[in-house]
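Listed here are the chains, written in short residue letters.
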Amino acid sequence: MDRMSRSAWCALGLLLLTLAVVSAKDATAAALRHSKNFVLPSAETIHDDLYVAGTTVDIQGIVDGDLIVCGQTVTIGGTVTGDVIAAGRDVTIAGSVGGTLRAAGNAVTVDGAIAHDALVACGTLVIGPRATIGRDVLAGAGNSSLGGRIERDVRVGSTSASFSGSVGGVVYAHAKELRLSDGAVLEHELFYTSPNELTKSSGAVVNGRVERHAPAPESEHRGRFAGRIIGWLQGLVGFAILGALFYLLFKNASPRAVEALGRAPWASLGLGLLLAFGFPCAAAFLFILGLIFGGWWIALGGIALYFFALALGYVVSATYVGRWLLRRAGQGGAAFGWTLLAGLAALGLVTAIPFLGNLLALAAIFFGLGALAMAWYQARRSVASPAT
């Protein structure tokens, strides 16, 4: 990835900022940085939330707020007073994070201080000997190595998982191979699901009980996998039908919404969050008024339209992602149907990621919902404005 265009940033942000749904902050007020190689020097302080995209990102200074970053190589050696959301091929946290770490990538290394939780999805996870995690660890990785000090619980799913540090809470592990190395101290219980027995070194300590569960039979796994595939296909078909109907009935609305998302992604996200959480409250208030004065059924109709709008928001985001993917593949002039199918397939695969999938789907809905509202408002303004 030699460069990251604004469209690429938005598409990656759709996957990354889903993790920021839990934050109610307005992204438009944050500091935005975009360059091939971004470096925040150790002598520099940014008193705001920082959003960064680049091939190489190196944070050695102080971010007095949240940090949201994506790139091929991401290094955080400085101080972040808030949360960190990071996505990249290689993500390294060697500094201090005052909130929660949420990271995804090929390899994630944590050898600094995380004040709250660490939520990680990656190929290889390494929590180094100098790392401290103030609360819980939730990880899904191909291979996991957990050292340092984790104050509370650990929930990990890996092909191979090893512990060499101390854990102050309960450990829940699902792994083909589980090992406790010399120096590992588990202060409470260990519950693990594995086809193999735990490998425990003589220098490892478990103060609570150790309980092993056998994994489900292979036939059951195949049945569950088949069920997920069928569910994925049903969702793909359902959203494709909805998108086709939306395009046929409102031919101009769909392109306008996609353009609004590409033109103002942060405003779309903020407006989508406002509508997603504000409309149910307004509908509840209207329902109460309706019970007193009449017309309560209007609120129920509004709720039905609300859920329909949420589904359309997902369709708009999928269309945008599909357009971006096809443009990258040299098929920028593809028809709407192929764009929608490509985006739905891509988002469907991404939202199948354990732990993070639901958050990713929510962010797609919020981005698209805000873009729909912006497109509708712009269309109303163009109709209302006098012809020149």
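One structure accompanies this document, and this report is about it.

Attention now goes to the overall build of the protein chain. Of the regular secondary structure elements, the protein chain holds 7 helices and 23 strands. Every one of the 388 residues in the protein chain was classed for burial, and the buried ones make up 45%. For the protein chain, contacts bridging at least 24 residues in sequence account for 28% of all contacts bridging at least 6. With the model as given, the accessible surface of the protein chain reaches about 18,700 Å², and the carbon-plus-sulfur share is 62%.

What follows covers a nonpolar patch on the surface. A contiguous nonpolar patch, built from Phe 285, Leu 286, Ile 288, Leu 289, Leu 291, Ile 292, Phe 293, Trp 296, Trp 297, Ile 298 and Leu 300 and spanning about 1,200 Å² of accessible area, is present on the exposed surface. Elements that contribute at least two residues to the nonpolar patch include exactly helix 4 (265-293) and helix 5 (296-328). If you tally residues by element for the nonpolar patch, the top one is helix 4, at 7 residues. Among the residues examined, Phe 285 registers a relative accessible area of 54% and is labelled exposed.

Before going further, it helps to examine the layout of surface pockets. Taken as a whole, the largest pocket spans an internal volume of roughly 670 Å³. As for the largest pocket, its lining consists of 20 residues, and the residues nearest its centre are Ala 309, Leu 312, Leu 372, Ala 373 and Trp 376. Those elements giving two or more residues to the lining of the largest pocket turn out to be helix 3 (253-263), helix 4, helix 5 and helix 7 (357-384). Here the lining of the largest pocket is composed, by residue class, of 16 nonpolar, 2 polar and 2 charged.

Let's shift gears to the environment of Gly 333. Its place among the elements puts Gly 333 in the loop between helix 5 and helix 6 (336-350). On the basis of relative accessible area, Gly 333 is assigned to the exposed category, the value being 78%. Between the C-alpha atoms of Gly 333 and Arg 323, which are 10 residues apart in sequence, the distance is 8.8 Å.

Let's shift gears to the pattern of salt bridges. Under the definition given, this model contains 10 salt bridges. Asp 111 is paired through a salt bridge with Arg 130; the nearest N and O atoms lie 2.7 Å apart. Residue Asp 111 is found in the loop between strand 10 (101-110) and strand 11 (113-114), and its partner Arg 130 is found in the loop between strand 12 (118-127) and strand 13 (132-133); the two are separated by 19 residues along the sequence. Judged by its relative accessible area of 17%, Asp 111 is buried. For Arg 130, a relative accessible area of 63% gives the class exposed. Ionic pairing is found between Glu 151 and Arg 149, a salt bridge with its closest N-O pair at 3.3 Å.

Turning our attention to helix 6. The end-to-end C-alpha distance of helix 6, which contains 15 residues, comes to 21 Å, matching closely the 21 Å that a straight helix rising 1.5 Å per residue would cover. Every buried residue of helix 6 is accounted for by Phe 336, Thr 339, Leu 340, Gly 343, Leu 344, Ala 346, Leu 347 and Gly 348.

The next point concerns the sheet that holds strand 5 (residues 62-63). Here 10 strands make up an open sheet; going across it, the order is 3-5-7-9-11-13-15-17-19-22 and the pairing parallel. Single-partner strands in this sheet number two, and they are strand 3 (45-46) and strand 22 (205-206). Across 2 bridges, strand 13 lies against strand 15 (residues 149-150) in parallel orientation. In the strand pairing of strand 15, Thr 132 is matched with Arg 149.

Bringing the pairing of strand 8 (residues 84-93) into the picture now. Here strand 6 (residues 67-76) runs beside strand 8; their pairing, made up of 9 bridges, is parallel. Bridge assignment links Val 69 to a residue of strand 8, and that residue is Ala 86. Judged from the 9 bridges that link them, strand 8 and strand 10 form a sheet pairing that is parallel. Looking at the pairing, Ile 85 lines up with Arg 102 of strand 10.

All right, on to the packing of helix 4 against helix 5 then. For any two helices packed against each other, the geometry is given by the interaxial angle and the distance between the axes. The N-to-C vectors of helix 4 and helix 5 enclose an angle of 160°; their axes lie 7 Å apart at closest approach. In terms of axis orientation, helix 4 runs roughly antiparallel to helix 5. The element helix 4 and its partner helix 5 pack so that their crossing is left-handed. Facing helix 4, whose interface residues are Leu 275, Ala 276, Phe 279, Pro 280, Ala 283, Leu 286, Phe 287, Gly 290 and Leu 291, helix 5 presents Trp 296, Ile 298, Ala 299, Leu 300, Gly 302, Ile 303 and Tyr 306. Its residues assigned to classes, the contact of helix 4 with helix 5 comprises 14 nonpolar, 2 polar and no charged.

So, about the environment of Pro 280. Along the chain, Pro 280 turns up in helix 4. Pro 280 sits in the partly exposed class, given a relative accessible area of 29%. Expressed as a C-alpha distance, the spacing of Pro 280 and Gly 302, which sit 22 residues apart in the sequence, is 8.9 Å. Pro 280 has contacts with Leu 275 and Tyr 306, leaving out every residue within four places of it along the chain.

Conventions adopted
- Every residue gets a number counted from 1 within its own chain, in the order that chain's sequence is written.
- Per-residue local features of the predicted model are confined to residues with pLDDT of at least 70, and side-chain atom pairs are confined, for both listing and counting, to 80 or more; whole-chain, interface and lining totals are unaffected and use all residues.
- Each side-chain value is worked out from all heavy atoms of the structure, with water and hydrogens disregarded.
- Helix and strand labels come from DSSP, where a helix needs a run of H or I of at least four residues and a strand needs a run of E of at least two; each type is numbered from the N terminus.
- Buried means the residue's accessible area, taken with a 1.4 Å probe over protein chains only, is under 20% of the maximum for its type, while exposed means over 50%, and partly exposed covers the values in between.
- Contacts were defined at the residue level, with two residues in contact if any of their heavy atoms lie within 4.5 Å.
- Using a 1.4 Å probe, accessible areas were evaluated by the Shrake-Rupley method; residue-level cover was limited to the displayed protein chains.
- Patches draw on residues past 30% relative accessible area with no salt bridge. Two like charges within 9 Å are joined, as are two nonpolar side chains (Val, Leu, Ile, Met, Phe, Trp, Tyr) within 5 Å.
- Here, a salt bridge means any side-chain nitrogen of Lys or Arg that lies within 4 Å of a carboxyl oxygen of Asp or Glu.
- We place a 1 Å grid over just the protein atoms. Points where a 1.4 Å probe fits but has no way out form a cavity, open points with protein on both sides within 12 Å along at least 5 of 7 lines form a pocket, and any residue with an atom within 4 Å of a point lines it.
- Grid points are joined across faces, edges and corners, and a volume is the space filled by probe spheres set on the points.
- The nonpolar class holds Ala, Val, Leu, Ile, Met, Phe, Trp, Tyr, Cys and Pro. Asp, Glu, Lys and Arg form the charged class, and all remaining residues, Gly among them, are polar.
- Here, expected helix span is obtained from the residue count minus one, scaled by 1.5 Å.
- Two strands qualify as a pair provided DSSP detects at least 2 bridges between them.
- Inter-axis angles, ranging from 0 to 180 degrees, are taken between N-to-C directions of lines fitted to C-alpha atoms, where helices are fitted over the stretch in contact.
- We call two directions roughly parallel when the angle between them is under 35 degrees, roughly antiparallel when it is over 145, roughly perpendicular when it lies between 65 and 115, and oblique otherwise.
- Helix crossings fall into two classes, left-handed where the near helix is turned counterclockwise from the far one by less than a right angle and right-handed where it is turned clockwise.

In short, geometric facts, not functional conclusions.
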